[in-house]
Amino acid sequence: MNTLKKYLAVALTFSALSFAGAAMAQEAPDVLVKRISQDVIESAKADKGIQGGNQQRILSLVEEKIIPFVDFERMTSLAAGRFWREATPEQKKQLTTQFRSLLVYTYSGALAQVRDQKIDFKPMRGAATDTEVEVRSQVIQPRGEPIQLNYRMEKLGDGWKIYDVNVLGAWLVESYKGTFASEISRSGIDGLIKTLADKNKGRADKVGK
């Protein structure tokens, strides 16, 4: 599981998408991911602060390049499963906020590991009119076997957004679903929110040092 989490953290870096105007939103999802992912990789490689592990620089790049094109509300609702319907609007808001922060720190940890990886994208499947697609790719490493990396994306009014990532056959949402369900069963939705908030506070304290 630790190995899978490591791969997941690295792979999530390559799901990065940045804001680039309305024209870019009309691109095919695989073209968009390919072009912007390469920009993120090059930005991380060129930034001495990121390569040196500067957490503030890493967080800044994550907020700029990744966050705008991830649908955190849908991600959170899928991870919460049936409990999402039981949550109040305020609980949904807090849960999404804390899950977002958790993933931001996960992405940030991955950026410092970017070195000489390359991405090989597979041909798209489906029709041009589809509003939900899976973009398939693999991360080619200098050493070791390629890492399978697929994205589930949805087309919204402001363009394509990622709502799930698959690494080595395991979907991100599913990996959190069991953990969320266990925590909610033990201490309720508020208990899950507190657990996530405590984890995020711990990571924020480390960044501030």
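See the structure printed just above.
All of the points below concern the structure found in this document. Bear in mind that the values here come from a model prediction, so they are computed numbers and not experimental data. For every chain, the first residue of the written sequence is number 1, and numbering continues from 1 onward in sequence order. Owing to the predicted nature of the model, reporting of local features is limited to residues with pLDDT of at least 70; listing and counting of side-chain atom pairs is limited to 80 or more, with chain, interface and lining totals taken over all residues. In computing side-chain values, all of the structure's heavy atoms are included and hydrogens and water are not.

A word on the overall build of the protein chain
Helical segments are the DSSP runs of H or I of at least four residues, strand segments are the runs of E of at least two, and each set is numbered from the N terminus. Helices and strands together make up the secondary structure of the protein chain, namely 9 helices and 5 strands. Going from N to C terminus, the protein chain has its helices and strands arranged as α-α-α-α-α-α-α-α-β-β-β-β-β-α. Remark: exposure states derive from per-residue accessible area (1.4 Å probe, protein chains only) relative to the maximum for the residue type, with buried under 20%, exposed over 50%, and partly exposed in between. The buried share of the protein chain, reckoned over its 209 residues, is 46%. Taking all contacts inside the protein chain whose residues are at least 6 apart in sequence as the whole, residues at least 24 apart take part in 58%. Element-wise, carbon and sulfur atoms account for 50% of the exposed surface of the protein chain, whose accessible area totals about 10,800 Å². Only heavy atoms enter the contact rule, under which two residues are in contact if any of them lie within 4.5 Å. All accessible-area figures derive from a Shrake-Rupley calculation using a 1.4 Å probe, and residue coverage is judged against the displayed protein chains alone.

So, the pattern of salt bridges
Pairing is possible between side chains that carry opposite charge, provided their charged atoms lie close to one another. Salt bridges, as used here, are contacts in which a Lys or Arg side-chain nitrogen is within 4 Å of a carboxyl oxygen on Asp or Glu. Per the stated rule, a full pass over the model turns up 8 salt bridges. The closest approach of N and O atoms between arginine 82 and glutamate 86, which form a salt bridge, is 3.5 Å. Across the pair glutamate 183 and arginine 186 runs a salt bridge, and its minimum N-O distance is 2.6 Å. Placement of both glutamate 183 and arginine 186 in helix 9 (residues 172-208) is noted, with a separation of 3 residues, approximately one turn of the helix. Relative accessible area serves as the criterion here: at 60%, arginine 186 is assigned to the exposed category.

Comments concerning helix 5 (residues 55-65)
Three or more residues of helix 5 are buried, namely Ile58, Leu59, Leu61, Val62 and Lys65. All buried residues of helix 5 fall inside an arc of 160° around its axis, so they share one side. Taking the helix axis as origin, the arc is that swept by the directions to the C-beta atoms.

Examining the packing of aromatic side chains
Stacked, edge-to-face and tilted labels apply to pairs of Phe, Tyr and Trp rings (six-membered ring for Trp) whose centres lie within 6.5 Å, assigned for plane angles under 30 degrees, over 60, and everything in between, in that order. Taken as a whole and judged by the stated rule, the model has 3 aromatic pairs. For the pair phenylalanine 99 and tyrosine 176, a centre-to-centre distance of 5.1 Å together with 80° between the ring planes defines the contact as edge-to-face. Here tyrosine 176 lies in helix 9 and phenylalanine 99 lies in helix 8 (residues 89-111), a separation of 77 residues in the sequence. Assessed through its relative accessible area of 17%, tyrosine 176 is described here as buried. Site record: aromatic cluster; members linked through ring pairs are Phe99, Tyr176 and Phe180. Ring-over charges, as used throughout, are those where CZ of Arg or NZ of Lys falls within 6 Å of the ring centre and within 35 degrees of the ring normal. It is arginine 74 that lies over the ring of tyrosine 163; its NZ or CZ is 3.8 Å from the centre. Here arginine 152 stacks its cationic end above the ring of tryptophan 171, 3.8 Å away from the centre of that ring.

Quick notes on the nonpolar core
Met75, Phe99, Leu103, Tyr107 and Tyr176 are the most contacted members of the largest nonpolar core, which totals 33 residues. Elements that contribute at least two residues to this core include exactly helix 5, helix 6 (72-80), helix 7 (83-86), helix 8 and helix 9. The biggest single contributor to this core is helix 9, with 10 residues. Excluding anything up to four places from it in sequence, methionine 75 contacts Val70, Phe99, Leu103, Tyr107, Tyr163, Asp164, Leu172 and Val173. Nonpolar core, defined: a set of buried Ala, Val, Leu, Ile, Met, Phe, Trp, Tyr and Cys residues in which side-chain atoms within 4.5 Å join the residues together.

Digging into the sheet that holds strand 2 (residues 132-140)
Here 5 strands make up an open sheet; going across it, the order is 1-2-3-4-5 and the pairing antiparallel. Two strands close off the open sheet at either side, each with one partner strand: strand 1 (118-121) and strand 5 (170-171). Any two strands are treated as partners once DSSP identifies two or more bridges connecting them. Pairing of strand 2 with strand 3 (residues 147-156) involves 8 bridges; the strand directions are antiparallel. Each bridged residue has a counterpart across the sheet, and for valine 133 the counterpart in strand 3 is methionine 153. Here an axis means a line fitted to C-alpha atoms, over the contact stretch when the element is a helix, while the angle between two N-to-C directions is reported on a 0 to 180 degree scale. Of the strands in this sheet, strand 1, strand 2, strand 3 and strand 4 (159-167) touch helix 3 (residues 29-46), which is tilted by about 175° from strand 1. Across the sheet, helix 6 touches strand 2, strand 3 and strand 4, and the angle it forms with strand 4 is around 40°.

What to know about the side chain of aspartate 30
Position of aspartate 30 among the secondary structure elements: in helix 3. The buried charged residue aspartate 30 lacks any salt bridge partner; its closest oppositely charged side chain belongs to lysine 34, at an N-O distance of 8.0 Å. Setting aside residues up to four positions removed in sequence, aspartate 30 forms contacts with Phe121, Met124 and Val135. Only four residue types enter the tally: Lys and Arg on the positive side, Asp and Glu on the negative side; His and the chain ends are excluded.

A short note on the pairing of strand 1
Residues Ile119 and Phe121 point to one face of strand 1 and are all buried, whereas Lys118 and Asp120, pointing to the other face, are not buried. Here strand 1 pairs with strand 2 via 4 bridges, running antiparallel. Residue isoleucine 119 lies in a different strand from strand 2, and its bridge partner there is valine 139.

Brief notes about the pairing of strand 2
Here strand 2 shows a buried face lined by Val133, Val135, Ser137 and Val139 and an unburied face lined by Glu132, Glu134, Arg136, Gln138 and Ile140. Counting the residues in the hairpin turn of strand 2 and strand 3 gives 6 residues, including glycine 144, whose phi is positive at 95°.

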